[in-house]
Amino acid sequence: MSNELRLSSEKRLRLFTGRGYPELADEVASELGIPITPTSAYDFANGEIFIRFEESVRGCDAFVIQSHTAPVNKQIMEQLIMVDALKRASAKRITVIAPFYGYARQDKKHRGREPISARLMADLFKTAGADRLMTVDLHTSQIQGFFDGPVDHLFALPLLANYVGSKVDRSRLTIVSPDSGRVRVAERWSDLLGGAQIAFIHKTRDPRIPNEAITGRVVGDVSGQTCVVIDDMIDTAGTITKAIDALYDAGAKEVIVAATHPVFSGPAAERLANSRVKEVVVVNTLPIPEESRFPTLTVLSIAPLLGRAIREVFEDGSVTSLFDGHS
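In this convention, every chain numbers its residues from 1, walking through the sequence in written order. Owing to the predicted nature of the model, reporting of local features is limited to residues with pLDDT of at least 70; listing and counting of side-chain atom pairs is limited to 80 or more, with chain, interface and lining totals taken over all residues. Here the side-chain values reflect all heavy atoms present in the structure, with hydrogen atoms and water set aside.

### Some words on a negative patch on the surface
Here's step 1: Where like charges cluster on the molecular surface, the negative patch consists of Glu23, Asp26, Glu27 and Glu31.
Here's step 2: Comment: elements are numbered from the N terminus, with helices defined as DSSP H or I runs of at least four residues and strands as E runs of at least two. Within the secondary structure, Asp26 sits in helix α1 (residues 22-32).
Here's step 3: What makes Asp26 partly exposed here is its relative accessible area of 44%. Patch criteria: residues need more than 30% relative accessible area and no salt bridge. Like-charged residues are merged within 9 Å; nonpolar side chains of Val, Leu, Ile, Met, Phe, Trp and Tyr are merged within 5 Å. Using a 1.4 Å probe, the Shrake-Rupley method yields the accessible areas, and only the shown protein chains count as cover for residues. The salt bridge definition used is simple: a Lys or Arg side-chain nitrogen within 4 Å of an Asp or Glu carboxyl oxygen. Note on charges: Lys and Arg go in the positive column, Asp and Glu in the negative column, and His and the chain ends are not counted at all. A single reference atom marks each charge: NZ on Lys, CZ on Arg, CG on Asp, CD on Glu. Here the term buried applies to any residue with accessible area under 20% of the maximum for its type, exposed to any over 50%, and partly exposed to those in between, with areas from a 1.4 Å probe on protein chains only.

### Let's talk about the pairing of strand β2 (residues 39-43)
Here's step 1: Note: two strands are recorded as paired if DSSP finds a minimum of 2 bridges between them. Here β2 runs beside strand β3 (residues 49-53); their pairing, made up of five bridges, is antiparallel. Residue pairing for β3: Ser40 is matched across the bridge by Arg52.
Here's step 2: Here β2 hands over to β3 after five residues, with Gly47 in that stretch at a positive phi of 95°.

### Regarding the sheet that holds strand β4 (residues 61-65)
Here's step 1: Spatially, β1-β4-β5-β6-β7 is the arrangement adopted by the five strands of the open sheet, whose pairing is parallel. The sheet is open, and its two borders are formed by β1 (13-17) and β7 (151-154), each paired with just one other strand. Each adjacent strand pair in this sheet contributes to an overall mean axis angle of 15°, direction not counted.
Here's step 2: One ladder, built from four bridges, connects strand β6 (residues 132-136) with β7; its direction is parallel. Paired with Val136 across the bridge in β7 is Leu154.
Here's step 3: The sheet contacts of helix α2 (residues 72-88) involve β1, β4 and β5 (93-98), and relative to β5 the element is tilted by about 170°.
Here's step 4: Running at roughly 160° to β6, helix α8 (residues 303-314) makes contact with β1, β4, β5, β6 and β7 of the sheet. Interaxial angle, 0 to 180 degrees, is taken between N-to-C directions of lines fitted to C-alpha atoms, where a helix line uses only the stretch in contact. Contact criterion: two residues are considered in contact whenever any of their non-hydrogen atoms come within 4.5 Å of each other.

### Examining the packing of aromatic side chains
Here's step 1: Pairs were defined over the aromatic rings of Phe, Tyr and Trp, the Trp ring being its six-membered one, requiring ring centres within 6.5 Å. Orientation was assigned from the angle between planes: stacked under 30 degrees, edge-to-face over 60, tilted for the rest. In the structure shown here, the tally under the stated rule is six aromatic pairs.
Here's step 2: An angle of 70° between the planes, with centres 6.2 Å apart, marks the rings of Phe44 and Phe50 as edge-to-face.
Here's step 3: Among the residues examined, Phe44 registers a relative accessible area of 40% and is labelled partly exposed.
Here's step 4: For Phe50, a relative accessible area of 28% puts it in the partly exposed group.
Here's step 5: Each ring, one from Phe155 and one from Phe323, has its centre 5.3 Å from the other, and the planes form 80°; the classification is edge-to-face. Highlighted residues: Phe155 in the loop between β7 and α4 (157-165) and Phe323 in the segment after α8, separated in sequence by 168 residues.

### Digging into the pattern of salt bridges
Here's step 1: Scanning the model with the defined rule gives 18 salt bridges in all.
Here's step 2: Here Asp43 and Lys74 are joined by a salt bridge, their closest N and O atoms 2.6 Å apart. Of this pair, Asp43 sits in strand β2 while Lys74 sits in helix α2, and the two are 31 residues apart along the sequence.
Here's step 3: Owing to a relative accessible area of 32%, Asp43 belongs among the partly exposed residues under this scheme.

### Some points on the environment of Arg293
Here's step 1: Considering the arrangement of structural elements, one finds Arg293 in the loop between β13 (279-283) and β14 (297-300).
Here's step 2: According to the relative accessible area criterion, Arg293 is partly exposed, its value standing at 40%.
Here's step 3: Residues Arg293 and Ile34, spaced 259 residues apart in sequence, show a C-alpha to C-alpha distance of 30 Å.
Here's step 4: Arg293 has contacts with Ile288 and Val299, leaving out every residue within four places of it along the chain.
Here's step 5: Among the polar contacts made by the side chain of Arg293, one reaches the main-chain carbonyl oxygen of Ile288 at a distance of 3.2 Å. Whenever two N or O atoms come within 3.5 Å, that pair is a polar contact, provided that in protein one can donate a hydrogen and the other can accept it, and provided that, for residues adjacent in sequence, both atoms are side-chain atoms.

### Remarks on the nonpolar core
Here's step 1: Definition of nonpolar core: a set of buried residues of the types Ala, Val, Leu, Ile, Met, Phe, Trp, Tyr and Cys, connected through side-chain atoms within 4.5 Å. Within the largest apolar cluster, 46 residues are counted, with the highest numbers of intra-cluster contacts made by Val28, Leu154, Ile175, Trp189, Val228, Leu306 and Ile310.
Here's step 2: Among the elements that line this core, the one with the most residues is α8, at seven residues.
Here's step 3: Those residues in contact with Ile310 that sit more than four places away from it in its chain are Leu13, Leu15, Val28, Leu32, Phe63, Ile97 and Met134.
Here's step 4: Grouped together as the second largest cluster of nonpolar side chains are 31 residues, Phe16, Ala85, Ala91 and Phe146 included.

### Some thoughts on the side chain of Thr140
Here's step 1: Structurally, Thr140 is set in the loop between β6 and β7.
Here's step 2: Thr140 sits in the buried class, given a relative accessible area of 18%.
Here's step 3: A polar contact is formed between the side chain of Thr140 and the side chain of Asp107, at a distance of 2.7 Å.

### Some remarks on the packing of α4 against helix α5 (residues 183-192)
Here's step 1: Running from N to C, α4 and α5 cross one another at 50°; their axes reach a closest spacing of 10 Å. Between α4 and α5, the crossing angle belongs to the class labelled oblique. The handedness of the crossing between α4 and α5 is right-handed. Within the contact between the two elements, α4 uses Leu157, Pro158, Leu160, Ala161 and Val164 and α5 uses Val185, Arg188, Trp189 and Leu192.
Here's step 2: In this count, Pro and Cys sit with the nonpolar residues alongside Ala, Val, Leu, Ile, Met, Phe, Trp and Tyr, while Asp, Glu, Lys and Arg are called charged and the others, Gly among them, polar. Considering only residue class, the contact of α4 with α5 consists of eight nonpolar, no polar and one charged. Any angle from 65 to 115 degrees is called roughly perpendicular, while one under 35 is roughly parallel, one over 145 is roughly antiparallel, and all others are oblique. A clockwise turn of the near helix away from the far one marks a right-handed crossing, whereas an anticlockwise turn of less than a right angle marks a left-handed crossing.

Here's what the structure looks like:
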């Protein structure tokens, strides 16, 4: 007689979504070939959130997808409550998927008596019961170190670069960083697009005034070039539209904007629609309402990448292999 009891049960993957961006979750579910686990979610009269899963989740490998779109605090709280519910229902492993990670810009103290909210976010998810975190294009890579556990940091760069590279004359291409801090990313773009030239825009920002930067001069020769301005997100589009004007004033032939997260707060859509930009290319990490869409906007889907990453995690494969070593 054996002195132990063995189970022959297989691992089970279950996908869960909050109410923030169910359309993206549906796309990811289609990529995986599984349905989203039925969930009851509603708000009480005073705004509190209630969550209950309609099927057993005991022993499953749970992936909880929620993009932190406006209202950001509500989406974050709902995802935290879902993680807590999964932990208390005995899910074996819980992976939080936040295609857009809220509060990522508050990653350090600019002055005294300020919070580091990006770290607080990581602590909240860990305390709620998350074992793993998956996200796309963090504002700064060091945020990975805030979470006490594995972090799968996915990149939209290959998706964006392949699209842009198919639309332009690469011999007349310049990759433009909107500030000196993203020159390293511009170099990765250049590598993927056959050694394109690099330029950047010198700008200053007052930490006391949010969403506003003073655009200075263009550093690098962009005369007669097709310029691709790259960034991790477009919020109010103030910085981007000033960069577009600065590049045309410096002699650029045409300007394309490529960014991962379409936050599109306030006047962003109007500013971009009225600018001289040839095309704005973004990824669907956040929902874009109809009133924020404009003729020069192109939206690429991140769902295939998320689906492949989820499968690699579930099968104990390599997420890094999805980017050919560009991690």
